[in-house]
Structures are given as structure tokens and as C-alpha cells.
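Report on the structure
One letter stands for each residue in the lines below.
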Amino acid sequence: MQLSLNKVSNKSVLLPEILRRLENEEGFSILDAGSAASSSIEFFSQWKCRLHFVDIYNNAILSEQENLDYQELVRIFEELFLVSDEAFDVCFLWDLPNYLDNQAMRALADVLRKRLHRSTAIHAFSAFSHKQPFPKKQYSINGISSISSRQIENDIDPKFVKTYATITKYLDFLGIVRSTLLTDGRVELYLKPLVTEKINT
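Throughout what follows, the structure given in this document is the object of discussion. Since the model is a prediction, treat every value here as computed from it, not as a measurement.

Calculation criteria
Residues numbered from 1 in each chain as written. Predicted model: local features only at pLDDT ≥ 70, side-chain atom pairs only at ≥ 80, totals over all residues. Heavy atoms only, no water. Helix = DSSP H or I, 4+ residues; strand = E, 2+ residues; numbered from the N terminus. Rg over C-alpha atoms; globule rule 2.2 N^0.38 Å. Areas by Shrake-Rupley, 256 points an atom, 1.4 Å probe, with all protein chains shown as cover. Lys, Arg positive; Asp, Glu negative; His and termini not counted. Charge placed at Lys NZ, Arg CZ, Asp CG, Glu CD. Contact = heavy atoms within 4.5 Å. Buried < 20%, exposed > 50% of the residue type's maximum accessible area, 1.4 Å probe, protein only.

**Considering the overall build of the protein chain**
Within the protein chain, the regular secondary structure consists of 6 helices and 9 strands. Computed over C-alpha atoms, the radius of gyration of the protein chain comes to 16 Å, within 12% of the 17 Å expected from 2.2 N^0.38 for 201 residues, which places it in the range of a compact globule. When the accessible surface of the protein chain is split by element, carbon and sulfur atoms take 46% of a total near 9500 Å². When the 23 positive and 26 negative side-chain charges of the protein chain are each reduced to one mean point, those points stand 5 Å apart.

Structure (C-alpha cells):
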């Protein structure tokens, strides 16, 4: 994967709310579906925490998912996400759902729910409409309310564009806490496990 040299920073309305609960805690665990961006590592270095970067955009699962069955998808996601027995306190899925077909989304959901607790905060981007083109970007954090993005230059496109309603259909153990419509038609989402679900305590 190649990244454009043009890095753009955008203000996030939801990020401060997602991260606020971490200010008085130590030893928390962060999942980032993207790569180990230096800005994210530097930002989280102010706290005592564990960072797990999945680097999903460089994984063959995105290009091969339509040739894999459900059990194979689950196995790959388990290798990527279940790196320890601990639950994640914050998950940055970014725009990952828009790269996954329906079967892969079900596999992701069944694996992800094993590593959440009732207070886990999840960040994601969805589309406002299924028909809109979705930008192909790599995301990172460079401030309490600032998310950076760079254009990804590869052959894998976010062709399975999902609205927030579609994301919560497949991730049905999550509920939307807040959402905000961005100027380019993306919707920024803050999600948490539903209290009725059997999630780790």
C-alpha cells in the first residue's frame, strides 16, 4: 500500500467525547484497524496504554474475502483481533466496514464482540447514502479533536459502501451514541455495546 504525501487534518466532534473517559484511567487498551501511524503513537504516548494496530488495509483478506467462506474469514479476523485475552476500551474501526462484504461483516461482528466490554467506545465512518462514492483513505489521530487522513493508493476500493443503518444491522450488538454528518457525505459514528447484549463486564 502506498499513501499520498498530502496529509489532511480534520476536526472531529466525536473524538473528544470518545477519549474523555480515558483521561482518568491507566492501562487501557486501544484497537486501531489501520496501520501504526506515528501521529497516533505519539498522541497515545501521553497515557499508559496498550496499542494494537491491525493494519487491515495491507491484509489480503480485503482482496480475497469473496473467495473465502465464513469460517475462513472468522479464523483470519481472530488472528488479527484476538491478540490477547483482554477487552478493548476503545476501537477505531475507521472505514473498515465499507471494505467488507456482508459475509465478512458477519465474521467481523462475531469476532469483535468477544473483545468488548460494556463501556467500550467504537469509532467508525459510514456513508450517508449507499449511492455515494466513498473516499479511499488511511486515518490516524494527531490531537484530542483532530483526525488526519491520507489518500490510499492501491487497487482495493471501499466498494461495499454502508450507511450507519447497515453497519448497526451487522454489528447488531452496538448502538449509536452520537453521529455527525461531514461535508464530504461521510457520517462519523460513536458506538457502544447495547446494555441488553452479553458483552464482557
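Having seen it, we continue.
**Here's the deal with the environment of I176**
Residue placement: I176 occurs in strand β8 (residues 174-181). C-alpha of I176 to C-alpha of K192: the two residues are 16 residues apart in sequence and 6.6 Å apart in space. Ignoring anything within four residues of it in the chain, the contact list for I176 reads Y164, T168, L189, Y190 and L191.

**Digging into unusual backbone geometry**
In this model, D55 sits at a positive phi of 55°, which is unusual for a non-glycine residue. As for its placement among the helices and strands, D55 is situated in the loop between β3 (49-53) and α3 (61-64). With a relative accessible area of 25%, D55 lands in the partly exposed category. One non-glycine residue, W94, lies in positive phi territory at about 55°. In this fold, W94 is placed in strand β4 (residues 88-94). The class for W94 is buried, based on a relative accessible area of 0%.

Nothing here speaks to function; it is geometry throughout.
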